[in-house]
Amino acid sequence: MIPYKRFTVVLGAVLLAMSAAACGGPQVKPQTELVWPLPPDQPRVRFVQTTSKPGDLGLGQGSLSEAIFGEETEFNFRKPFGVVSDGEGRIFVSDIGRVVVFDQVRKKLYEFGTIGQGQLRVPMGLAVSSDGTLFVADITLDKVLAFDRKGNVLMTYGHPGDLTNPVGVAVDDARKRLYVVDSKKHCVKAYSRSGESLFTIGQRGKEEGAFNFPSAIALDREGDIYVADMGNFRVQIFDSNGKFIRAFGQVGSGGGTFNRPKGIAVDSEGHIYVSDSSFNNIQIFDKKGQLLLFFGGTGSDPGFFTLIEGIAIDKNDRIYAVDQLGYRLNVYQYLSEQYRKTHPEAASAEAK
């Protein structure tokens, strides 16, 4: 875990910078090596790169239209929202009418969900299972579609009237479950992988366990469920059976508060990351809801955001965050103790 005492020296500066960003303060120009917190404190998050086109990842461009019609068109994001990575080289981004796939193993960029039975309209939340199945929540289709590695539809979750605005999705491999956030029904629905409805968490309200337009969901290694409860300006935590554990957060413009929490993710050490589209940053909390650090901010420079939306963290603690109005994906690395052990060059670079 991040030792909280290591951040007490910089927390005042963090809160000041965060308040300035929330009030439309000046944009911060990134350093050559963009890290948080700033020296002399030990860096915990490092900016890796911005991705908006195939060349940013050294990829060629391929698409379903190219495969079918032998044509290749210039790639641009339309309105990206969600992101997930399988930790094996594939990064998925939900975009209007499609899912974009950055495949770093095959060195290709392609898309699916554009034709046939699996045609998407407004995909939002994404999740990927250990067997490579991609789950896509589409708020216009009112269902979740499961795709195989080739973009073929395996099955769908939800029936007419069951889901009304599925915005977020998470998959629990150990329990063979799928969790879907329905923002208009103000709840989280649990399904078996075979599509059976298991249970529902919450209803509209402000009390513990209730929601007001929830926006995103994430799981930790123990199977606990984390929900960004956007309209109540908080994060709620449940166990794997939907039992309420705790909530933290409130509306505000300072550190540890929320204004428009849109994305949520959990790293390998159990830290909770929440993206806020009003602050244009990502705040990091421990499991008790104590603020540890934030990174990002408003700006067009690499590592910053014009409108942050979905976020995800893969099994290697690489952090992905969608900048919707910047039409790009920002990528960071959480510098965990395990990462430092397996990447000694990172520690050497920080010491210089």
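Starting from 1, residues in each chain are numbered consecutively following that chain's sequence as written. Thresholds applied to this predicted model are a pLDDT of at least 70 for local features of residues and 80 or more for the giving and counting of side-chain atom pairs; totals over whole chains, interfaces and linings are not thresholded and use all residues. Water and hydrogen atoms play no part in the side-chain values, which are based on all heavy atoms of the structure.

Right, let's talk about the packing of aromatic side chains for a bit. Any two of the Phe, Tyr and Trp rings considered here, Trp counted by its six-membered ring, make a pair once their centres fall within 6.5 Å; the pair's planes then place it as stacked at under 30 degrees, edge-to-face at over 60, or tilted in between. This structure, assessed with the given rule, holds 17 aromatic pairs. Between Tyr157 and Tyr191, the ring centres sit 6.1 Å apart and the planes meet at 65°, which makes this aromatic pair edge-to-face. Highlighted residues: Tyr157 in strand β11 (residues 153-157) and Tyr191 in strand β14 (residues 187-192), separated in sequence by 34 residues. Neither Tyr157 nor Tyr191 differs from the other in exposure class; each is buried. Think of it this way: any DSSP run of H or I at least four residues long counts as a helix, any run of E at least two long counts as a strand, and we number them from the N terminus. Only protein chains enter the accessibility calculation, which uses a 1.4 Å probe; a residue whose area is less than 20% of its type maximum is buried, one above 50% is exposed, and one in between is partly exposed.

Moving on, we get to unusual backbone geometry. Of the consecutive residues Trp36 and Pro37, the connecting peptide bond is found in the cis state with omega at -10°. Despite not being glycine, Phe233 has its phi angle at roughly 55°, a positive value. Along the polypeptide, Phe233 turns up in the loop between β17 (225-229) and β18 (234-238). Look at Phe233 and you get partly exposed, because its relative accessible area is 26%.

Turning next to the confidence of the model for the chain. On a scale of 0 to 100, pLDDT captures the predictor's confidence in every residue. Looking at the chain, pLDDT values average 88 and 85% of them are 70 or higher. Note on residues 3-31: pLDDT under 50 across the span, and 46 contacts to partners over four residues away in sequence or across chains. Between residues 63-70, whose pLDDT stays under 50, and residues either more than four places distant or in other chains, the model counts 12 contacts. The contact criterion used is simple: two residues touch if any of their non-hydrogen atoms lie within 4.5 Å.

As for its position among the elements, Ile91 is in strand β5 (residues 90-95). Judged by its relative accessible area of 3%, Ile91 falls in the buried class. Between the C-alpha atoms of Ile91 and Phe102, which are 11 residues apart in sequence, the distance is 5.0 Å. Non-local contacts of Ile91, meaning those with residues more than four positions away in its chain, are made with Leu57, Val83, Val84, Ser85, Val100, Val101, Phe102, Gln104, Tyr320 and Leu329.

Bringing the pattern of salt bridges into the picture now. A side-chain nitrogen of Lys or Arg and a carboxyl oxygen of Asp or Glu constitute a salt bridge if their distance falls within 4 Å. Scanning the entire structure with this criterion turns up 13 salt bridges. Among the salt bridges present, the one from Glu88 reaches Lys315, with a minimum N-O distance of 2.3 Å. With Glu88 in the loop between β4 (83-85) and β5 and Lys315 in the loop between β24 (308-313) and β25 (318-323), this pair connects stretches of sequence that are 227 residues apart. Classification of Lys315 as exposed rests on a relative accessible area of 52%. A single network of salt bridges, built from pairs that share partners, joins Asp95, Arg98 and Glu111.

By size, the foremost hydrophobic cluster in this structure holds 20 residues, and its most contacted members are Trp36, Val45, Tyr273, Phe295, Ile319 and Tyr332. Among the secondary structure elements, those contributing two or more residues to this core are β2 (45-51), β22 (281-285), β23 (291-296), β24, β25 and β26 (328-334). Residues in contact with Trp36, not counting those within four places in the same chain, are Pro43, Arg44, Val45, Phe47, Leu293, Phe294, Phe295, Gly296, Gly303 and Tyr332. Only buried residues count toward a nonpolar core, which is a set of Ala, Val, Leu, Ile, Met, Phe, Trp, Tyr and Cys residues joined through side-chain atoms within 4.5 Å.

Moving on, we come to the sheet that holds β22. Whether two strands pair comes down to DSSP finding at least two bridges between them. Across the sheet, which stays open at both edges, the 4 strands sit in the order β20-β21-β22-β23 with antiparallel pairing between neighbours. Of all the strands in the sheet, the pair left with one neighbour each is β20 (261-266) and β23. Neighbour-to-neighbour, the strand axes of this sheet turn through a mean angle of 20°, independent of strand direction. Strand direction decides the pairing type here: strand β21 (residues 272-276) and β22, joined by 5 bridges, are antiparallel. Paired with Asp276 across the strands is Asn281, a residue of β22. Think of each axis as a best-fit line through the C-alpha atoms, taken over the contacting stretch in the case of a helix, with angles from 0 to 180 degrees between the N-to-C directions.

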